[in-house]
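Topology and contacts: notes
Residues per chain are reported as follows:
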Amino acid sequence: MGDLIRVGKLDRIPPRIMDATDSSTSLSLEVAAFNASIIVGPVVLGTLVGTCLFGCLVIQTYVYYANFVNDHRAIKFTVAAVFATQIAHVMCVSATLWNTTVSAYGDPSKLQILPSTAAATILLTGITGALVESYFAFRLWKVSKKLLLPFLSLVLCIIAQVVSLVITVQTFKTTNIAVFAIDQNTSITLALTSRVLCDLILTLSMAWYLKKQRSEYPRTANMIDRLVLWTIETGLITSLVAVLVISFFLAVKQNYIWVGLYAILASVNGNSLLASLNGRLIFRSVTKESLRMSALSGPGGGHNKQQPFMINVTQTVRCSPEVFKHDEEEV
């Protein structure tokens, strides 16, 4: 009889109290399972690294406009558009960091809510990637004088951009990041894979066509080797970051490591563009040094030693228009 009375009392417990008990229990389990090092940590590190890269972008933008005033207006507009996009990007990433570390402080369940600034970050990252890849495709076309590889890279760029726009729209409709990662798994993978393939085609093709311009003269060959190495370094870094984002996204969706890496992807793209444009300063320094050494060695040496050196200088100066002439304002 006593057991029946106790059961009857449990049956009369209001549903609201039982729901509150279950909710507090699940919240306690959630807090106990929460690991800040793989949730908050990657977002903080990604924002810090992205901010540093934005500072590098600011310096590179200043260097570009200070040294290349004769560049074509389309190139200047591209740089300005990338810079403006990166300003908005760093603001959105910072707002996402605030939401992660301040607004969600003490309540890990809020970290599952996808903020609107994250959707804006996806949009701005796609725009930056499209601007940078379009310029590199144009440069590849000018250097190679062929349409196949530039056209293929542009197709991949357009695919990635369209998919990024679709993901952005879906992001504004989704509030839970776990649901978003599962529903948009195919779209995110397709967008990032297209970016990687596009970057690889542009980088390796440009390196190949520059290598074909390599001359037998030591100074010209040395300059071409520098250009090839610089092209590979500035191009493959974007592919590497995108590959890391894909890998962590597919392997460990439950943590935010891929989010932190994705936060720096746009800044890496922007810096690769400016590094490629400002890399012409290296070429200028090599050319000026060659001319200076030629002038100093002219009166002293004999004809047999001077003539090959003058040929090297001529070849060095003459190879400039083939690689960089499309960047300058056409007269």
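Structure shown above.
If you're wondering where the values come from, they're calculated on a predicted model, not measured in any experiment.

1. A closer look at the nonpolar core
Membership of the largest hydrophobic core comes to 31 residues, with the highest contact counts inside it found for Tyr-64, Tyr-135, Leu-202, Leu-273, Leu-274 and Leu-277. At the level of secondary structure, the elements contributing two or more residues to this core comprise helix 3 (36-67), helix 4 (73-103), helix 5 (116-144), helix 6 (148-173), helix 8 (185-212), helix 9 (218-251) and helix 10 (257-278). Grouped together as the second largest cluster of nonpolar side chains are 30 residues, Ile-39, Leu-97, Phe-180 and Ala-181 included.

2. Focus on the environment of Pro-115
When you line up the elements, Pro-115 lands in the loop between helix 4 and helix 5. Overall, Pro-115 belongs to the buried group, its relative accessible area being 17%. Once the C-alpha coordinates of Pro-115 and Ile-177 are considered, the two residues, 62 residues apart in sequence, prove to be 9.0 Å apart. Other than its neighbours up to four places away in sequence, Pro-115 contacts Thr-96 and Asn-99.

3. Notes on the packing of aromatic side chains
Within the structure shown, the criterion is met by six aromatic pairs. Between Phe-249 and Trp-258, the aromatic rings sit 4.9 Å apart at their centres with planes inclined by 70°, giving edge-to-face as the arrangement. By the burial criterion, Phe-249 is buried, and Trp-258 matches it. Here a set of aromatic residues connected by ring pairs shows up, and it is made of Tyr-64, Tyr-65 and Phe-68.

The rules behind each value
Residues numbered from 1 in each chain as written. Predicted model: local features only at pLDDT ≥ 70, side-chain atom pairs only at ≥ 80, totals over all residues. Heavy atoms only, no water. Core = buried A, V, L, I, M, F, W, Y, C linked by side-chain atoms within 4.5 Å. Buried < 20%, exposed > 50% of the residue type's maximum accessible area, 1.4 Å probe, protein only. Helix = DSSP H or I, 4+ residues; strand = E, 2+ residues; numbered from the N terminus. Contact = heavy atoms within 4.5 Å. Phe/Tyr/Trp six-rings, centres within 6.5 Å; stacked < 30°, edge-to-face > 60°.

These results come straight from atomic positions and should not be treated as a statement about function.
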